[in-house]
Amino acid sequence: MPACLPQTLVAHYSEIVDFLSLRTGSRETARDCAQDTWLRLNTARPSLPPANFKAYVFRVAANIAMDWHRQRRREEAALEQYGALHGDAAAPDTFDTVAAADTIRRLEQVLLAQPTRSIEVFVAHKLDGLSYAETARLLGISVSAVEKHMMRVLLACQTVLAG
């Protein structure tokens, strides 16, 4: 009788993989679960023969998928716990921090080397959030002058970021 259970799985393998794919969200995981189902069925010794072999095989497969989800939740919880204990794994390393600080220092130098009017235009537009027209009105210059000052500052900053 137990030999019928693995044979039932083999006979309905593609259906079971489709079923498990829906449960796990992954065809590869579904195949792994189907293999685990076959192993469990191969060693199963039900006290009474199942009334419906196909339903029994699908129930075992569903239980395997549920076990997979439980194991995944345990692994995710362990990873979260590890992350909480050991800090954020996505935190930049020392090299990235030093490189960013160096870039900021070079940008600051380039900005401070710009003419005063260009710095005023840049601050009004980028930091204060004024439009070109509002910046021009505030500083008493034309919109094209605002554009030229912005272009000057942005090109200077771009050379720092590109290098």
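You'll find the structure just up there.
**Student:** Summarise the overall build of the protein chain; cite the residues concerned and give the values.
**Tutor:** Each helix and strand in the protein chain was counted, giving eight helices and zero strands. The linear arrangement of helices and strands in the protein chain, starting from the amino end, is α-α-α-α-α-α-α-α. Against the globule reference of 15 Å for 163 residues, the protein chain gives a C-alpha radius of gyration of 33 Å, more extended than a compact globule. Its C-alpha atoms give the protein chain principal-axis dimensions of about 95 × 35 × 25 Å. Within the protein chain, the proportion of its 163 residues that are buried is 26%. Surface accessibility of the protein chain: about 11,000 Å² in total, with carbon and sulfur atoms responsible for 58%. The average position of the 18 basic charges and that of the 18 acidic charges among the side chains of the protein chain differ by 6 Å.

**Student:** Break down the nonpolar core for me, citing the residues and quoting the values.
**Tutor:** Membership of the largest hydrophobic core comes to 16 residues, with the highest contact counts inside it found for L5, L9, I16, L20, L41 and V57. For this core, the secondary-structure elements that each account for two or more residues are α1 (4-11), α2 (13-24), α3 (27-43) and α4 (53-86). For this core, the leading source of residues is α4, giving six residues. In this structure L20 touches G25, A30, C33, A34, A61 and A65, once residues within four positions along its chain are discounted.

**Student:** Can you break down the pattern of salt bridges residue by residue, with the values?
**Tutor:** In total, this model carries eight salt bridges according to the counting rule given. Linking D102 and R105 is a salt bridge whose minimum nitrogen-to-oxygen distance equals 2.4 Å. With D102 and R105 both in helix α5 (residues 94-112) and three residues apart, the pair spans about one turn of that helix. As a salt-bridge pair, R117 and E120 come within 3.2 Å of each other at their nearest N and O atoms. One end of the pair, R117, and the other, E120, are both in helix α6 (residues 116-127), three residues apart, so they sit about a helical turn from each other.

Conventions we followed
Residues numbered from 1 in each chain as written. Predicted model: local features only at pLDDT ≥ 70, side-chain atom pairs only at ≥ 80, totals over all residues. Heavy atoms only, no water. Helix = DSSP H or I, 4+ residues; strand = E, 2+ residues; numbered from the N terminus. Rg over C-alpha atoms; globule rule 2.2 N^0.38 Å. Buried < 20%, exposed > 50% of the residue type's maximum accessible area, 1.4 Å probe, protein only. Areas by Shrake-Rupley, 256 points an atom, 1.4 Å probe, with all protein chains shown as cover. Lys, Arg positive; Asp, Glu negative; His and termini not counted. Charge placed at Lys NZ, Arg CZ, Asp CG, Glu CD. Core = buried A, V, L, I, M, F, W, Y, C linked by side-chain atoms within 4.5 Å. Contact = heavy atoms within 4.5 Å. Salt bridge = Lys/Arg side-chain N within 4 Å of Asp/Glu carboxyl O.

Read these as layout, nothing more, since geometry by itself doesn't imply function.
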